[in-house]
Amino acid sequence: MKPVRIPIALQQAVMRCLREMLLRANQQLGTDYPEPVLLYQQRGTSAGTAWLDRWEIRLNPVLLLENGQRFIDEVIPHELAHLLVHRRFGRVPPHGKQWQWMMEGVLGVPARRTHQFEVTSVQSKTFPYQCGCQQHELTLRRHNRVLRNQAEYRCRRCGHTLHPVGDAPPDAV
C-alpha cells in the first residue's frame, strides 16, 4: 500500500490543535502530561485510534486529507481525550462518563462517539451474511476467518450465527 503524503500545512494544523488541547487539559487538570506520539497509520473507516499504553494517536491520512479542518476539530480532541482519561482514571468504558466529561468539561468539544465522514474511499469490500432477522456485511478479514472455520459471528439483535447469504444455516430443515 502506497503511503499517503500529508501536506506540511495540514500536519502543522494537526499539531497546533493537539498542542492547544493538551495545554488546555494540563491547565485545567493541574497536570503536565507530555505530548503524545502522532502517527498517520490508521487504515479502514476509523478516523483515529488512541493507543493508551503507548501514549500514541494514530490518524487516518485519507480521511484527514478529505475532511481537513473538520477532521482536526473532531478527531484530535476525541483521541486525546481517550489518552487523558486513561492516565487520570485507568481502565474505564471508552466513551463513558469520564470520557464525556473530558471532552465537554475539559476540552470544550461536543462528545460524539463516532465520526460522520464519508468513507467510500477507504471502505473495503464486504460480504453479505444472514442471521435470523437481518442481513449483515462482514469485512474480508472476518469472511476469511469464517471460511477457514477460525471464527463464527452472531447477530447482536437475535443471537443467531451469521451465515453467507445463499448458504442454509445448519439448523434449517
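Placed above this text is the structure.
If you're wondering where the values come from, they're calculated on a predicted model, not measured in any experiment.

A.B. asks: Describe the overall build of the protein chain, listing the residues and the values that go with them.
C.D. replies: Of the regular secondary structure elements, the protein chain holds 4 helices and 6 strands. Taking 16 Å as the expected radius of gyration for a compact globule of 173 residues, we find that the protein chain reaches 20 Å, considerably beyond that expectation. C-alpha extents for the protein chain along the principal axes are approximately 65 × 35 × 25 Å. Relative to its full complement of 173 residues, the protein chain shows a buried share of 39%. Residue pairs in contact within the protein chain that sit at least 24 positions apart in sequence constitute 50% of those at least 6 positions apart. Per element, the accessible surface of the protein chain, about 11000 Å² overall, is 48% carbon and sulfur. Within the protein chain, one finds 23 positive and 15 negative side-chain charges whose respective centroids are separated by 3 Å.

A.B. asks: Summarise the packing of aromatic side chains; cite the residues concerned and give the values.
C.D. replies: All chains considered together, the criterion is met by 3 aromatic pairs. Judged by centre distance (5.7 Å) and plane angle (25°), the ring pair of Phe-71 and Phe-117 falls under stacked. Taken together, the residues span a long stretch of sequence, with Phe-71 in helix 2 (residues 61-89) and Phe-117 in the loop between helix 3 (97-106) and strand 4 (126-130) at a distance of 46 residues. The exposure class assigned to Phe-71 is buried, which follows from its relative accessible area of 0%. Judged by relative accessible area, which is 6%, Phe-117 ranks as buried. Measuring from ring centre to ring centre gives 6.1 Å for Phe-89 and Trp-101, while their planes differ by 80°; the resulting arrangement is edge-to-face. In this pair, Phe-89 is assigned in helix 2 and Trp-101 in helix 3, connecting sequence segments 12 residues apart.

A.B. asks: Could you give an account of the packing of helix 1 (residues 8-29) against helix 3, with specific residues and numbers?
C.D. replies: Each pair of packed helices can be described by the angle between their axes along with the distance between the axes. Helix 3 packs onto helix 1 with a crossing angle of 100° between their chain directions and a minimal axis gap of 11 Å. Comparing the axis directions of helix 1 and helix 3 gives the class roughly perpendicular. For the pair formed by helix 1 and helix 3, the contact residues are Arg-24, Ala-25, Gln-28 and Leu-29 on the first element and Trp-101, Met-102, Gly-105 and Val-106 on the second. Considering only residue class, the contact of helix 1 with helix 3 consists of 5 nonpolar, 2 polar and 1 charged.

A.B. asks: Give me the nonpolar core: which residues, what numbers.
C.D. replies: Within the largest apolar cluster, 37 residues are counted, with the highest numbers of intra-cluster contacts made by Leu-59, Phe-71, Ile-72, Leu-84 and Leu-107. Only helix 1, strand 3 (56-59), helix 2 and helix 3 provide two or more residues apiece to this core. Looking at this core element by element, the count peaks at 11 residues for helix 2. Excluding its chain neighbours within four sequence positions, the residues that come into contact with Phe-71 are Ala-47, Leu-59, Asn-60, Leu-63, Leu-64, Ile-76 and Phe-117. In this structure, Phe-127, Leu-138, Val-146 and Cys-155 belong to the second largest nonpolar core, which totals 8 residues.

A.B. asks: Describe in detail the sheet that holds strand 6 (residues 163-164), supporting the description with residues and values.
C.D. replies: If you trace the 3 strands from one edge of the open sheet to the other, you get 5-4-6, paired in antiparallel fashion. Where the open sheet ends on each side, the last strands, each with one partner, are strand 5 (135-139) and strand 6. The pairing of strand 4 with strand 5 spans 5 bridges and is classified as antiparallel. The residue of strand 5 that forms the bridge with Thr-126 is Thr-139. Against the sheet, helix 4 (residues 140-147) engages strand 4 and strand 5, with an angle of about 95° to strand 5.

Parameters and conventions
Residues numbered from 1 in each chain as written. Predicted model: local features only at pLDDT ≥ 70, side-chain atom pairs only at ≥ 80, totals over all residues. Heavy atoms only, no water. Helix = DSSP H or I, 4+ residues; strand = E, 2+ residues; numbered from the N terminus. Rg over C-alpha atoms; globule rule 2.2 N^0.38 Å. Buried < 20%, exposed > 50% of the residue type's maximum accessible area, 1.4 Å probe, protein only. Contact = heavy atoms within 4.5 Å. Areas by Shrake-Rupley, 256 points an atom, 1.4 Å probe, with all protein chains shown as cover. Lys, Arg positive; Asp, Glu negative; His and termini not counted. Charge placed at Lys NZ, Arg CZ, Asp CG, Glu CD. Phe/Tyr/Trp six-rings, centres within 6.5 Å; stacked < 30°, edge-to-face > 60°. Axes fitted to C-alpha atoms, helices over the stretch in contact; angles between N-to-C directions. Parallel < 35°, antiparallel > 145°, perpendicular 65-115°, else oblique. Nonpolar A, V, L, I, M, F, W, Y, C, P; charged D, E, K, R; others polar. Core = buried A, V, L, I, M, F, W, Y, C linked by side-chain atoms within 4.5 Å. Pairing = 2+ DSSP bridges.

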